[in-house]
Amino acid sequence: MSDDKTITFPVEKTHILMFARSIGDYSPEHVDEKAAKDTEAGGIVAPLTFPQSVAQFDPDYHLRIQPGKPWFGSGKNASGIEGKPASSGGLHAEQHFEYMRPLRPGDELSVTVRDGETWEKESKRAGKLMFSERITEYRDQSGELVVRARSVGVRTERPVAQD
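Small disclaimer: the values here were computed from a predicted structure and weren't measured.

> How do you make sense of the packing of aromatic side chains when you look at a structure like this?
Aromatic rings considered in pairs are described by the distance between their centres and by the relative angle of their planes. Taken as a whole and assessed by the stated rule, the structure comprises four aromatic pairs. Considering the side-chain rings of F9 and F50, the 5.6 Å spacing of their centres and the 20° angle between planes classify their relative orientation as stacked. Taken together, the residues span a long stretch of sequence, with F9 in strand β1 (residues 6-10) and F50 in the loop between α3 (33-36) and β2 (90-99) at a distance of 41 residues. Given the relative accessible area of 0%, F9 is considered buried. F50 sits in the buried class, given a relative accessible area of 0%. Ring geometry for F9 versus F57: centroids 5.2 Å apart, planes at 35°, classification tilted. Remark: F57 occurs in the loop between α3 and β2 and F9 occurs in strand β1; sequence separation between them is 48 residues. What makes F57 partly exposed here is its relative accessible area of 28%. Joined through ring pairs, the aromatic side chains of F9, F19, F50 and F57 make up one cluster.

> Which parts of the structure should I look at to understand the pattern of salt bridges?
Close approach of charged atoms allows side chains of opposite charge to pair. Applying the stated rule across the entire model yields 10 salt bridges. A salt bridge links R148 to E98; the nearest nitrogen and oxygen atoms lie 3.0 Å apart. Residue R148 is found in strand β5 (residues 145-156), and its partner E98 is found in strand β2; the two are separated by 50 residues along the sequence. The structure contains a network of salt bridges with shared partners spanning E98, R114, E137, R139 and R148.

> Is there a simple way to explain the nonpolar core in this structure?
Of all hydrophobic cores here, the largest spans 16 residues; its most connected members are F9, F50, L103, L109 and Y138. In terms of residue count, the dominant contributor to this core is β5 (three residues). Leaving out residues up to four positions away in the same chain, F50 has contacts with F9, V11, H15, I16, F19 and L103. Formed by five residues, the second largest nonpolar core is a distinct cluster that contains A126, L129, V152 and V154.

> What should I look at first to understand the sheet that holds β5 in this one?
Strand-to-strand pairing in sheets goes through backbone hydrogen bonds, with the strands running parallel or antiparallel. The sheet built from five strands is open, its strands ordered β1-β3-β4-β5-β2 with antiparallel pairing. Edge positions in the open sheet fall to β1 and β2, since each of these has one partner strand only. Recorded for the sheet is a direction-independent mean angle of 30° between the axes of neighbouring strands. Two strands pair when backbone bridges link them, and strand β3 (residues 108-123) and strand β4 (residues 127-139) are joined in this way by 12 bridges, in the antiparallel orientation. Looking at the pairing, R114 lines up with I135 of β4.

> Before we go on, may I ask you to explain the environment of K13 in this structure?
Looking at the element boundaries, K13 is found in helix α1 (residues 13-22). Of the residues examined, K13 reaches a relative accessible area of 44% and is grouped as partly exposed. Along the primary structure K13 and D32 are separated by 19 residues, whereas in three dimensions their C-alpha atoms are 9.5 Å apart.

Reading the values: the criteria
- Residues numbered from 1 in each chain as written.
- Predicted model: local features only at pLDDT ≥ 70, side-chain atom pairs only at ≥ 80, totals over all residues.
- Heavy atoms only, no water.
- Phe/Tyr/Trp six-rings, centres within 6.5 Å; stacked < 30°, edge-to-face > 60°.
- Helix = DSSP H or I, 4+ residues; strand = E, 2+ residues; numbered from the N terminus.
- Buried < 20%, exposed > 50% of the residue type's maximum accessible area, 1.4 Å probe, protein only.
- Salt bridge = Lys/Arg side-chain N within 4 Å of Asp/Glu carboxyl O.
- Core = buried A, V, L, I, M, F, W, Y, C linked by side-chain atoms within 4.5 Å.
- Contact = heavy atoms within 4.5 Å.
- Pairing = 2+ DSSP bridges.
- Axes fitted to C-alpha atoms, helices over the stretch in contact; angles between N-to-C directions.

Honestly, it's all geometry; don't read function into it.
Quick look at the structure:
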């Protein structure tokens, strides 16, 4: 998601069901309203990593197919991009979710992203490692913060030496 942009993210029962199935989580609190009432959660709630699906509501999300644009996807030549994609030299290192309350069907989330901390560490094989955080906040229809996600990325000063 881009900086300085707020995305609206509706939490829907069917979306929770499909997300839970896609990660192999068949817990009743994610899939069956009647069975979910008998769980500790007391009704359908989204899986803990569900906030990542905000990407489906971001028209600029870089890892999703964009109509009319080449995309480096899976499958033999499935995307229209030939060869290896350009690399930024970075990778996703960590993901953390802090919940104030569970996400439930009917929630209408407003999602914003901001930069967090940055730091560096020295590596023998790749030189300087440059870490950066991205903080994503999910607020409900009342404006209350319900989830804070912290993503950590790392870039290397130089390619890792192959021993």
